[in-house]
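# A structural walkthrough
These are the residues of each chain, in order.
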Amino acid sequence: MALLQTVDLLKKFPIRPSGAMGRVWNSLRGMGGEERGEAVYLHAVDGVTFTIEAGESVGLVGESGCGKSTLARLIARLQDPTSGAIAFEGRNIGGIPASRFIQGEKRRKIQMVFQDPTESLNPGFTTFRAVADPLLRLGGMRSGPELRKRVEELCALVGLAPEFLTRYPHQLSGGQKARVGIARAIALEPSLLILDEPTSALDVSVQAVILHLLEDLKNRLGMSYLFVSHDLNVVRLLCQRVLVMYLGKIVEAGPTREILRHPRHPYTRALLSAIPAINTTERTERVRLTGEPMSPIDPSPHLCRFYSRCPQREERCRVEMPMLTPYPGGIEAACHFPSEKRENIGTQTTVS
Ligand SMILES: Nc1ncnc2c1ncn2[C@@H]1O[C@H](COP(=O)(O)OP(=O)(O)OP(=O)(O)O)[C@@H](O)[C@H]1O
Ligand SMILES: [Mg+2]
């Protein structure tokens, strides 16, 4: 049984147009226009199906705004999906309202490390209080020597010396704040840790140290990770499997090594060719994507989401949405014209 499985997960946000359009829209709403189908929706997560096995690290990559954080928040049950299922350890948790899930037993097992440690830490909490907080609220512990011991243990695990226990967030560096965020998240020994770009606010050198720490923790504590990043280069260091997301949809998924070796989707090839370390001898030229990304507002159910920027689009891609299709090596890709060649990512491409 998979640790986590999502089926056809969808999250749409209602959008209220501004200005003159907004006034027209509001008047239509007043006249029952919404019922007549006048509401417009931003499709942030649009039919996402994937699994995470126990002990597995899965990377979720894609450019800004493609829906990574929304997907992460749905799984952590901080937001309610519009439709679709989320099963955790075989039980459907997708239907439990986020407001109720927060008090439940499963809350302990799925924890999240947020994008910006500065925003996610309470400025009025010392390191001790920040790390003790989940233990007191959800872990059934009480103040006392046992709590102190557990907090000290957790801080040692993430490499925070005891002198930091009495410090407030503004007295900590970015890397130290990231460590506090991680210590908090692992305090309840979750089986799934969702990391939403945990190193994006950090210097490159500190990023490497934190990634190393995460790898070490994963091995020691046997957690599964969903590691969100816009950078495939970071994901390949930590994750056995990767999901590539574009405008709310998974366009390619599979073992990281296979995807690096033979990406089938043109968007994955563009992401890959931007990594200097991989872009060696035979792959010297970059795939540059031109053209505007399509709007995520009520997109056509038939048009491939990548159509406007795809270097190899054809008529079929306009009328038939490509579905995820299996390929050798455990890869799935959603493209009518997947790449056959391993080195086929090297051509300079322009889209008019
Ligand atoms: N509460 C909301 N209401 C309306 N739209 C939203 C809401 N939250 C997210 N969105 C929209 O959903 C889309 C996906 O946003 P999301 O934050 O999931 O992207 P992301 O991939 O995490 O981006 P980044 O890499 O910049 O963090 C964006 O178009 C965003 O504007
Ligand atoms: Mg995000």
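What counts, and at which threshold
Residues numbered from 1 in each chain as written. Chains lettered and ligands numbered in written order. Predicted model: local features only at pLDDT ≥ 70, side-chain atom pairs only at ≥ 80, totals over all residues. Heavy atoms only, no water. Helix = DSSP H or I, 4+ residues; strand = E, 2+ residues; numbered from the N terminus. Buried < 20%, exposed > 50% of the residue type's maximum accessible area, 1.4 Å probe, protein only. Contact = heavy atoms within 4.5 Å. Areas by Shrake-Rupley, 256 points an atom, 1.4 Å probe, with all protein chains shown as cover. Lys, Arg positive; Asp, Glu negative; His and termini not counted. Salt bridge = Lys/Arg side-chain N within 4 Å of Asp/Glu carboxyl O. Near = heavy atom within 4 Å. Polar contact = N/O pair within 3.5 Å; in protein donor to acceptor, adjacent residues only side chain to side chain. Core = buried A, V, L, I, M, F, W, Y, C linked by side-chain atoms within 4.5 Å. Axes fitted to C-alpha atoms, helices over the stretch in contact; angles between N-to-C directions. Parallel < 35°, antiparallel > 145°, perpendicular 65-115°, else oblique. Left-handed = near helix turned anticlockwise from the far one by under 90°. Phe/Tyr/Trp six-rings, centres within 6.5 Å; stacked < 30°, edge-to-face > 60°. Lys NZ or Arg CZ within 6 Å of the ring centre and 35° of its normal. Pairing = 2+ DSSP bridges.

Attention shifts here to the overall build of the protein. The number of helices and strands found in the protein is 12 helices and 12 strands. Counting across all 352 residues of the protein, residues that qualify as buried make up 50%. Contacts in the protein between residues far apart in sequence, at least 24 positions, make up 66% of those at least 6 positions apart. Carbon and sulfur atoms form 51% of the exposed surface of the protein, whose accessible area is close to 16700 Å².

Along the chain, Lys218 falls in helix H8 (residues 204-221). As a buried residue without a salt bridge, Lys218 has its nearest oppositely charged side chain in Glu215, at a separation of 8.5 Å. Beyond its immediate sequence surroundings of up to four residues, Lys218 is in contact with Gly55, Glu56, Ser57, Met223, Tyr225 and Gln240.

Right, let's talk about helix H5 (residues 127-137) for a bit. The buried fraction of H5 amounts to eight of the 11 residues, a majority that puts the element mostly inside the structure. When H5 is considered as a whole, its buried residues turn out to be Thr127, Phe128, Ala130, Val131, Ala132, Asp133, Pro134 and Leu135.

Turning our attention to the site of ligand 1. Neighbouring ligand 1 are 13 residues; Ser64, Gly65, Lys68, Ser69 and Thr70 lie closest to it. The backbone of Cys66 places a nitrogen or oxygen atom 3.3 Å from an oxygen atom of ligand 1. Burial of ligand 1 by the protein amounts to 66% of the accessible area it has alone, namely 640 Å². The set of elements that each furnish at least two residues to the shell around ligand 1 consists of strand S2 (40-52) and helix H2 (68-75). Counting residues per element, the shell around ligand 1 draws most heavily on H2, at three residues.

It is possible for side chains bearing opposite charge to pair when their charged atoms get close. Scanning all chains against the criterion turns up 15 salt bridges. Between Arg77 and Asp80 there is a salt bridge, and its shortest N-O distance comes to 2.4 Å. With relative accessibility at 33%, the residue Asp80 sits in the partly exposed group. Connected through shared salt-bridge partners, Lys149, Arg150, Glu153 and Glu189 make up one network.

Moving on: the nonpolar core. Judged by nonpolar contacts, the single largest core of 62 residues is most densely connected at Val151, Ile182 and Phe227. The greatest single-element share of this core, amounting to six residues, is contributed by helix H7 (residues 174-186). With sequence-adjacent residues up to four places away left out, Ile182 is seen in contact with Val113, Val158, Ile210, Leu213, Leu214 and Leu217.

The next subject is the packing of H5 against helix H6 (residues 145-157). Between H5 and H6, whose axes approach to 10 Å, the crossing angle comes to 115 degrees. Classed by the angle they form, the pair H5 and H6 counts as roughly perpendicular. As for the relative orientation of H5 and H6, their crossing is right-handed in sense. Judged by residue contacts, Thr127, Phe128, Val131, Ala132, Leu135 and Leu136 of H5 engage Leu147, Arg148, Arg150, Val151, Leu154 and Cys155 from H6.

This paragraph deals with the packing of aromatic side chains. Tallying each qualifying case throughout the model produces three aromatic pairs. Over the aromatic face of Tyr225 sits the side chain of Lys218, whose NZ or CZ is 5.9 Å from the ring centroid.

Regular strands place their side chains on alternate faces of the sheet. Bridge analysis of strand S1 (residues 4-15) against strand S4 (residues 83-88) gives five bridges, and the strand direction is antiparallel. By the bridge assignment, Leu4 is partnered in S4 with Phe88. Inspection of the sheet shows S4 paired to strand S5 (residues 91-92) by two bridges, in the antiparallel sense. Each residue of the ladder has a partner; that of Phe88, found in S5, is Arg91.

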